[in-house]
Amino acid sequence: MFVTIGLALDVCPANTTCQGPLATKFSASMNNESFVLPTKLSMLQAFFSNVGGVYTTDFPANPPVQFDYTNASINNNLPLLFAHKGTKVTKLKFNTTVELVFQNTAIIGIENHPMHLHGYNFHVLAQGVWIMHCHLDVHLPWGLATVFVVENGPTPTTTLPPPPADLPQC
Ligand SMILES: *[C@@H]1O[C@H](CO)[C@@H](O)[C@H](O)[C@H]1NC(C)=O
Ligand SMILES: *[C@@H]1O[C@H](CO)[C@@H](O)[C@H](O)[C@H]1NC(C)=O
Ligand SMILES: *[C@@H]1O[C@H](CO)[C@@H](O)[C@H](O)[C@H]1NC(C)=O
């Protein structure tokens, strides 16, 4: 899966005092889909009891369009600003291996998004460079961070491998 992540805008409901010239509020999305929690039934109950209408299984494996993900002038074009809202999931067969590439965008503005998956382990395949930072999101762009650059060890398995040939380019 190739998943763009970033902020988005949402039209304000009627009779609210929304800020801004377009009467919009912040939202956020992955692949132009902004997640909405179900209200009728929990997703686990819906899955176990096979109840329809709680979620759909069409979370997109790719963004709807390719663009220069880090160019703020392109990222603030209208089709990227307003995301679709829904409770979309990805259904996986038992014991599937999934390669997931997260691509940040500059939609609305550049933010950091420390993504996190429940229930499974993320395996970091290789890293030579480790950031040490304050976990309050807003303090990171203010500069509360530094980096440890760890040099290669003496063996092939302790040496940073080159990036894969199909590493997505900006
Ligand atoms: C970003 O996009 C704008 C609008 O298309 C373009 O003029 C500009 O050259 C782009 N900047 C870079 C660094 O590609
Ligand atoms: C993102 O979703 C919104 C709302 O459905 C839609 O208007 C917009 O065209 C979509 N953007 C792209 C790039 O497909
Ligand atoms: C899961 O897949 C791996 C790799 O194909 C296989 O070795 C393993 O036996 C599978 N596990 C189960 C519980 O099916």
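About the criteria used
- Residues numbered from 1 in each chain as written.
- Chains lettered and ligands numbered in written order.
- Predicted model: local features only at pLDDT ≥ 70, side-chain atom pairs only at ≥ 80, totals over all residues.
- Heavy atoms only, no water.
- UniProt positions renumbered as here; feature names shortened; annotations may be inferred.
- Near = heavy atom within 4 Å.
- Polar contact = N/O pair within 3.5 Å; in protein donor to acceptor, adjacent residues only side chain to side chain.
- Areas by Shrake-Rupley, 256 points an atom, 1.4 Å probe, with all protein chains shown as cover.
- Nonpolar A, V, L, I, M, F, W, Y, C, P; charged D, E, K, R; others polar.
- Core = buried A, V, L, I, M, F, W, Y, C linked by side-chain atoms within 4.5 Å.
- Buried < 20%, exposed > 50% of the residue type's maximum accessible area, 1.4 Å probe, protein only.
- Helix = DSSP H or I, 4+ residues; strand = E, 2+ residues; numbered from the N terminus.
- Contact = heavy atoms within 4.5 Å.
- Pairing = 2+ DSSP bridges.
- Salt bridge = Lys/Arg side-chain N within 4 Å of Asp/Glu carboxyl O.

The name given to the protein in an unreviewed UniProt entry is Cupredoxin, with the source organism recorded as Corchorus olitorius. Regarding the protein, the UniProt comment filed under Subcellular location (unreviewed entry) reads as follows: "Secreted". Quoted verbatim from the Sequence similarities (unreviewed entry) field of the UniProt record, the comment on the protein reads "Belongs to the multicopper oxidase family."

K.L.:
What exactly am I supposed to notice about the site of ligand 2 here?
P.N.:
The full set of residues close to ligand 2 is Asn32, Pro64, Val65, Pro79, Phe82, Ala83 and His84. Within the side chain of Asn32, one N or O atom sits 2.5 Å away from an oxygen atom of ligand 2. In the model, an oxygen atom of ligand 2 is placed 3.4 Å from a nitrogen or oxygen of the Phe82 main chain. Burial of ligand 2 by the protein chains amounts to 59% of its free accessible area of 360 Å². Of the residues in the shell around ligand 2, the class split is five nonpolar, two polar and no charged.

K.L.:
I tried to follow the nonpolar core on my own but got confused; where do I start?
P.N.:
Buried together is how nonpolar side chains tend to be arranged in soluble globular proteins. Phe2, Leu9, Phe67, Tyr69, Leu80, Leu81 and Ile107 form the largest nonpolar core, which has seven residues in total. Among the secondary structure elements, those contributing two or more residues to this core are strand 1 (2–11) and helix 3 (78–81). The residues touching Phe67, leaving out its near neighbours within four places in the chain, are Ile74, Asn75, Leu80, Thr105 and Ile107.

K.L.:
Any chance you could explain the pairing of strand 1 here in plain terms?
P.N.:
The two faces of the sheet receive side chains in turn, since in a regular strand these alternate between them. Burial analysis of strand 1 places nine of its 10 residues in the buried class, which makes it a mostly covered element. Here strand 1 runs beside strand 5 (residues 101–104); their pairing, made up of four bridges, is parallel. Considered in strand 5, the bridge of Val3 is made with Phe102. With seven bridges joining them, strand 1 and strand 2 (residues 24–30) adopt antiparallel strand pairing. By the bridge assignment, Gly6 is partnered in strand 2 with Ser29.

K.L.:
Sorry, what's going on with the pattern of salt bridges here?
P.N.:
Opposite charge on two side chains lets them pair, provided their charged atoms get close. Counted according to the given criterion, the structure contains three salt bridges. Asp10 is paired through a salt bridge with Lys85; the nearest N and O atoms lie 3.0 Å apart. With Asp10 in strand 1 and Lys85 in strand 4 (residues 84–86), this pair connects stretches of sequence that are 75 residues apart. What makes Asp10 buried here is its relative accessible area of 15%. With a relative accessible area of 42%, Lys85 lands in the partly exposed category. We note a salt bridge from Asp58 to Lys88, for which the minimum N-O separation is 3.6 Å. Residue Asp58 is located in the loop between helix 1 (43–48) and helix 2 (72–75), and its partner Lys88 is located in the loop between strand 4 and strand 5; the two are separated by 30 residues in the primary sequence. Judged by relative accessible area, which is 17%, Lys88 ranks as buried. If you follow the salt bridges from partner to partner, you end up with Glu33, Asp58 and Lys88 in one network.

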